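Okay, here's what each chain looks like letter by letter:
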Amino acid sequence: MKDFNYHSAKDSKEASKLASSNSAFLAGGMTTIPSMKLGLATYKDLIDIKNIKKLSGIKVSGKSVIIGAATKHVEVANSKDVKKAIPSLSSLAEGIGDPQVRNRGTIGGSIANNDPSADYPSACIALNATIHTNERKIEASKFFKGMFETALKKGELIEAVEFQIPEKSSYQKHPNPASRYAVVGVYVAKHKSDVNVAVTGAKSCVYNDKEMAKALSGNFSSSSIDGMDLDSSDMNSDIHASAEYRASLVVTQAKKAVDAC
Amino acid sequence: MGKISLEVNGRKVEKEASDNTLLSTFLREHLQLTGTHIGCDTSQCGACVVHVDGNSLKSCTALAADVNGSKVTTIEGLETNGKMHPMQEAFKKLHGLQCGFCTPGMVMSAVDLLQKNKKPSDTEIRDWLEGNICRCTGYQNIVSAVKEAATKM
């Protein structure tokens with residue numbers, strides 16, 4: 001791994017000030033460090049943000065669950081408050097990677113990276129999340145821009161993610177047996193006024209499947225999406241699954257999610 | 001370059017290391033604690049698992065700098081007065097290893113499991129060891145060893 005300068009920031013302001021076009025924020029490092037080791041990414045400065053106290057912790061208010069950006073997956077998985085408010089969110093966290101990844105990896109890191117097969121982006125879309133940064137609040141639907149791309153600007157730091165508590169929800173993942181990343185994952189959430197069907201792993205970026213969401217808004221039953229033939233032309237195709245298989249899996253996982261709600 | 005201060009297996013250590021030093025490199029090359037193995041070096045195999053402040057992590061995917069000030073336990077830190085830890089004893093007794101390369105990480109990960117779940121089921125043991133790969137044993141005896149250790153810890 002090429003050398004860099006390591007900084008540990010004490011607050012968001014300092015972290016943001018240290019940022020440049022040749023730097024990255026370091027939280028759990030579960031993607032950043034392997035990417036740097038493999039030479040896929042190089043930075044002059046790594047700015048460690050996990051010692052910023054304000055960025056860790058979970059708060060539940062009447063309508064939302066707010067999770068600090070540097071909160072680890074294990075903390076979300078074990079949180080009694082999250083389990084009570086949005087059980088599907090704690091079970092999503094419990095299904096990420098392996099125990100060692102969950103002991104280090106963070107929610108902010110996951111969504112900032114926006115891996116096309118990551119779990120948390122689907123939760124953000126399904127649960128109408130608002131991403132709080134040190135500069136502004138961004139709706140999840142405007143945050144995930146494309147493969148590994150987000151609306152974040154240089155030096156902009158995610159501070160927390162605010163999830164809307166749904167009436168009911170479920171996340172169903174068909175994991176790659178080796179990496180536990182989603183071959184396809186579908187997060188279905190029924191809110192008072194709308195239904196979201198967030199899909200990860202199928203395309204180059206997480207998305208809300210409007211066709212299924214519309215069908216489920218009319219009748220929230222797996223029978224209303226049964227046999228739906230999704231367009232697979234822009235779906236991922238690789239050694240793990242063809243585009244056609246992924247299209248079929250999206251419907252299967254969505255049905256499972258509706259039934260589990 | 002920066003100063004890394006850790007408490008490793010109960011002993012305070014302080015060494016200069018470049019900022020890109022991985023915890024696994026720091027343990028093996030700066031402290032000569034070569035019990036921690038580097039297998040895949042891409043955070044898949046789990047041979048490098050150690051405990052940092054009581055939780056298991058893959059030391060090939062952490063910087064020495066970002067665990068600065070922590071308490072680290074490696075496989076060398078498990079024994080007491082020359083006597084093997086119950087988990088090591090159980091792996092030996094039940095043939096939970098063949099070539100032994102994955103064993104340090106396997107043992108450290110399993111010890112962390114029992115810290116959090118005193119009586120894990122077979123499924124819970126297998127789920128927990130998700131991030132530890134063994135190419136020899138077929139895992140059966142590893143699961144038996146962890147169950148045996150659970151009765152002794």
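It should be emphasised that the depicted structure is a prediction, and the values quoted were computed from it without experimental measurement.

Let's shift gears to the overall build of chain A. Per the secondary structure count, chain A includes eleven helices and 14 strands. Over its C-alpha atoms chain A spans a radius of gyration of 18 Å, differing by no more than 12% from the 18 Å that the globule rule assigns to 261 residues. For chain A, the spread of C-alpha atoms along the principal axes amounts to about 55 × 45 × 30 Å. Across the 261 residues in chain A, those meeting the buried criterion constitute 52%. Across chain A, every contact between residues at least 6 apart in sequence was considered, and the portion connecting residues at least 24 apart equals 60%.

Our next topic: the sheet that holds strand β1 (residues 2–8) of chain B. Sheet strands associate in pairs through backbone hydrogen bonding, adopting either a parallel or an antiparallel arrangement. All names here are of chain B. In space, the five strands of this open sheet follow the order β2-β1-β5-β3-β4, with mixed pairing throughout. The outermost strands of the open sheet, each flanked by one partner alone, are β2 (11–17) and β4 (55–58). Averaged over all neighbouring strand pairs, the angle between strand axes comes to 40 degrees, with direction disregarded.

Right, let's get into the domain arrangement of chain B. Residue and element names in this part refer to chain B. According to the domain assignment, chain B contains domain 1 (2–77) and domain 2 (86–152). Look at where the C-alpha atoms of domain 1 and domain 2 centre, and you get two points 21 Å apart. Per-element tally for the side of domain 1 that touches domain 2: the top contributor is strand β3 (residues 49–52), with three residues. By residue class, the composition of the side of domain 1 that touches domain 2 is six nonpolar, nine polar and no charged.

Below, the discussion takes up the pairing of strand β2 (residues 23–26) of chain A. In terms of strand pairing, β2(A) meets strand β3 (residues 45–48) of chain A through four bridges, oriented parallel. In the sheet register, A:Phe25 faces β3(A), and the bridge partner there is A:Ile47.

To continue, consider the interface of chain B and chain A. Chain B puts 20 residues into the contact, and the matching count from chain A is 18 residues. For the side of chain B that touches chain A, the leading source of residues is β4(B), giving four residues. Here the side of chain B that touches chain A is composed, by residue class, of six nonpolar, ten polar and four charged.

Attention now goes to the nonpolar core. One finds A:Ile49, A:Ala123, A:Cys124, A:Val161, A:Val197, A:Val250 and A:Ala254 to be the most contacted residues of the largest nonpolar core, which totals 122 residues. If we skip the residues at most four places from it in the chain, A:Ala254 touches A:Val186, A:Val188, A:Val197, A:Met212 and A:Ile225.

Attention now goes to the domain arrangement of chain A. All names here are of chain A. Here chain A is partitioned into domain 1 (5–164) and domain 2 (168–260). Counting residues at the interface gives 24 residues for domain 1, matched by 22 residues for domain 2. Going through the elements one at a time, α5 (87–94), α8 (120–126) and β8 (144–146) are the ones with two or more residues in the side of domain 1 that touches domain 2. The biggest single contributor to the side of domain 1 that touches domain 2 is α8, with five residues.

With that out of the way, let us pick up helix α2 (residues 86–93) of chain B. All names here are of chain B. Of all the positions in α2, only Met87, Gln88, Ala90 and Phe91 are classed as buried. Buried residues of α2 fall within an arc of 160 degrees about the axis and therefore sit on the same side. The secondary structure elements touched by the buried residues of α2 are α3 (103–116) and α5 (140–152). Once α2 ends, the next one or two residues include histidine 95, with phi positive near 55 degrees.

What counts as what
Residues numbered from 1 in each chain as written. Chains lettered and ligands numbered in written order. Predicted model: local features only at pLDDT ≥ 70, side-chain atom pairs only at ≥ 80, totals over all residues. Helix = DSSP H or I, 4+ residues; strand = E, 2+ residues; numbered from the N terminus. Rg over C-alpha atoms; globule rule 2.2 N^0.38 Å. Buried ≥ 20, exposed ≤ 12 C-beta atoms within 10 Å, placed from the backbone. Contact = placed C-beta atoms within 7 Å. Pairing = 2+ DSSP bridges. Axes fitted to C-alpha atoms, helices over the stretch in contact; angles between N-to-C directions. Domains from an automatic or database assignment. Nonpolar A, V, L, I, M, F, W, Y, C, P; charged D, E, K, R; others polar. Core = buried A, V, L, I, M, F, W, Y, C linked by C-beta atoms within 7 Å. Arc of directions from axis to C-beta.

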